[in-house]
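Overview (structure and organization)
In case you want the letters, here they are:
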Amino acid sequence: MARINLDEVAHSYLARPGEKEEDYALKRIHNIWDDGGAYALLGPSGCGKTTLLNIISGLLEPSRGRVKFDEADVTALPPEKRNIAQVFQFPVLYDTMSVYNNLAFPLRNRGFDKNYIDKRVREVAEILDLEKVLKKKAEGLGVDAKQKISLGRGLVRSDVAAILFDEPLTVIDPHLKWQLRCKLKEIHEQLKLTLIYVTHDQVEALTFADKIIVMYEGWIVQTGTPQELFEYPDHKFVGYFIGSPGMNFIPCTIQGNRAVVGDAEIPISADLAEKGKSAAGKLELGIRPLYLKVHDRPAENAFEVPVASVEDQGNYRIVTADFKGNLLKARISENDPVPESKAWLSFPQEWIRLFEDEHLMK
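Now for a description of the structure that goes with this document. Not measured: the values here are computed from a predicted model.

Here the focus is the side chain of Lys146. Relative to the elements of secondary structure, Lys146 occurs in helix α4 (residues 143-155). Note on Lys146: relative accessible area 17%, which makes it buried. In this structure Lys146 touches Pro91, Leu93, Asp95, Ala138, Glu139 and Leu141, once residues within four positions along its chain are discounted.

Right under this line is the structure:
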């Protein structure tokens, strides 16, 4: 295992990139991944997740910057010299080999003894529920089983610097996805391997990782625990991307200890008001649908709004309301009164966040 240090790393797919930011698919990244951590690289398609993963593995050499494993500079080293295991989106295995031999191959290739290989193969097979098919050839198995073998080939090595997963559960059915995510979490807790998991699915990221790295347009915009990302998103994109539905954002100004939206004045904390008064850029109030309060009658500091829609999500409902020309979403439980044509919204001060030019004011 290793501590991975990305030192001012940037990458362009152009032959001769210039100094312009848009020349680079991966902007300047300076980040440290602690030994034994479980990380998720989360973001939409095209944000740079796979490019960053391939730079860590050695499949790509960055246009700028250095990659270090502990104190060793590995920037120019190929994958086979980095002691990295990588699991790809689609199964990578030997179809004509048995499942046992597929799992054993990475260990045999490194000269481990027969008893150790047998022990590790059977341990991993048990974890991934492959014991019953160990003697079968891989080519006769379904896509789910093949991807489990591919996962096993990465997990069977306990000596790796890190195991990198590039959207490995894309081809797996939803029920098995949940089981495998939980298994990976268990494996990490048992073995403390460094795991880096690329996904565009926030549920996968939140289930798997201790720390989530959110990427947007080639940048790392925030690194944090699931709770930190949910409650204190550093960037408007994080607020929108994390959570379902994402965070509500409302353009506002600050007057006294209130955020002003049209003719509505929302009470905010004195500390937040002072930060807002010092802002020079565009201000927006942010609040999660989970924390936006919906009343079926007038209430203190609540604003009457027309209800645009109510979506039944099973054990909760999503209310969409028009607040001064801004469509806001609020989440209410199945036991709460369901508003029809109108409702009253209130904004609990402790859950209000203020953003200047899309960045959280701290």
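Back to the text.
Turning our eyes to something else, we now look at the environment of Leu103. Here Leu103 lies in helix α2 (residues 99-108). With relative accessibility at 0%, the residue Leu103 sits in the buried group. Residues within four places of Leu103 in sequence aside, it is in contact with Val121, Ala125, Leu134, Ile149, Gly152, Arg153 and Val156.

This part is about helix α3 (residues 114-127). Residue pairs spaced three or four apart in an α-helix point in one direction, given the helix's 3.6 residues per turn. Given a rise of 1.5 Å per residue, 14 residues ought to cover 20 Å, and the 20 Å separating the end C-alpha atoms of α3 matches this to within 8%. Of the residues flanking the start of α3, the one acting as N-cap is Asp113, its side-chain oxygen 3.0 Å from the backbone nitrogen of Asn115.

Turning our eyes to something else, we now look at unusual backbone geometry. Following Ser244, the chain continues into Pro245 via a peptide bond in cis, with omega recorded as -5 degrees. Although it is not a glycine, Glu217 adopts a positive phi angle of roughly 50 degrees. Locating Glu217 in the fold gives a position in the loop between β9 (211-216) and β10 (219-224). In the Ramachandran plot, Asn301 falls in the positive-phi region, its phi being about 55 degrees despite a non-glycine side chain. Tracing the backbone shows Asn301 in the loop between β16 (293-295) and β17 (302-312). For Asn301, a relative accessible area of 42% gives the class partly exposed.

Let us now look at the sheet that holds strand β15 (residues 283-287). Across the sheet, four strands lie side by side as β11-β15-β21-β22; this open sheet has antiparallel pairing. Of all strands in the sheet, those bounded by a partner on one side alone are β11 (248-251) and β22 (359-360). Where β11 and β15 come together, four bridges link them in antiparallel fashion. Each residue of the ladder has a partner; that of Asn248, found in β15, is Ile287.

Among the eight residues of strand β1 (residues 4-11), seven are classified as buried, and the element is accordingly described as predominantly covered. Direction of pairing for β1 relative to strand β4 (residues 64-69): antiparallel, over a ladder of five bridges. Paired with Leu6 across the strands is Val67, a residue of β4.

For the rest of this paragraph, the subject is the pattern of salt bridges. Summed over the entire model, instances satisfying the criterion amount to 19 salt bridges. A salt bridge links Glu123 to Lys119; its shortest N-O distance comes to 2.9 Å. One end of the pair is Glu123 and the other is Lys119, both in helix α3 and four residues apart, which spans about a single turn. In this structure Lys119 comes out as partly exposed when scored by relative accessible area, which is 47%. Overlapping salt bridges, with partners in common, bring together Lys119, Arg120 and Glu123 in one network.

As a further point, take a nonpolar patch on the surface. Together, Leu59, Phe88 and Val92 line one region of the surface with nonpolar side chains, adding up to about 240 Å² of accessible area. Among the structural elements, Leu59 can be located in the loop between α1 (49-57) and β4.

What follows concerns the side chain of Ser12. Mapped onto the elements of the fold, Ser12 is located in the loop between β1 and β2 (26-33). We classify Ser12 as buried; its relative accessible area is 5%. Polar side-chain contacts of Ser12 include one of 3.0 Å to the backbone nitrogen of Leu14. Not counting chain neighbours up to four residues away, the residues in contact with Ser12 comprise Pro17, Asp23, Tyr24, Ala25 and Ser63.

Another aspect to go through is the packing of aromatic side chains. Counting across every chain of the model gives 13 aromatic pairs. Ring geometry for Phe249 against Phe355: centres 5.1 Å apart, planes inclined by 80 degrees, an arrangement best described as edge-to-face. One end of the pair, Phe249, is in strand β11; the other, Phe355, is in strand β21 (residues 353-356), with 106 residues separating them in the sequence. Side by side, Phe249 and Phe355 carry an identical accessibility label, which is buried.

Conventions and cut-offs
- Residues numbered from 1 in each chain as written.
- Predicted model: local features only at pLDDT ≥ 70, side-chain atom pairs only at ≥ 80, totals over all residues.
- Heavy atoms only, no water.
- Helix = DSSP H or I, 4+ residues; strand = E, 2+ residues; numbered from the N terminus.
- Buried < 20%, exposed > 50% of the residue type's maximum accessible area, 1.4 Å probe, protein only.
- Contact = heavy atoms within 4.5 Å.
- Expected span 1.5 Å × (residues − 1).
- Polar contact = N/O pair within 3.5 Å; in protein donor to acceptor, adjacent residues only side chain to side chain.
- Pairing = 2+ DSSP bridges.
- Salt bridge = Lys/Arg side-chain N within 4 Å of Asp/Glu carboxyl O.
- Patch = residues over 30% accessible without salt bridge, like charges linked within 9 Å, V, L, I, M, F, W, Y side chains within 5 Å.
- Areas by Shrake-Rupley, 256 points an atom, 1.4 Å probe, with all protein chains shown as cover.
- Phe/Tyr/Trp six-rings, centres within 6.5 Å; stacked < 30°, edge-to-face > 60°.

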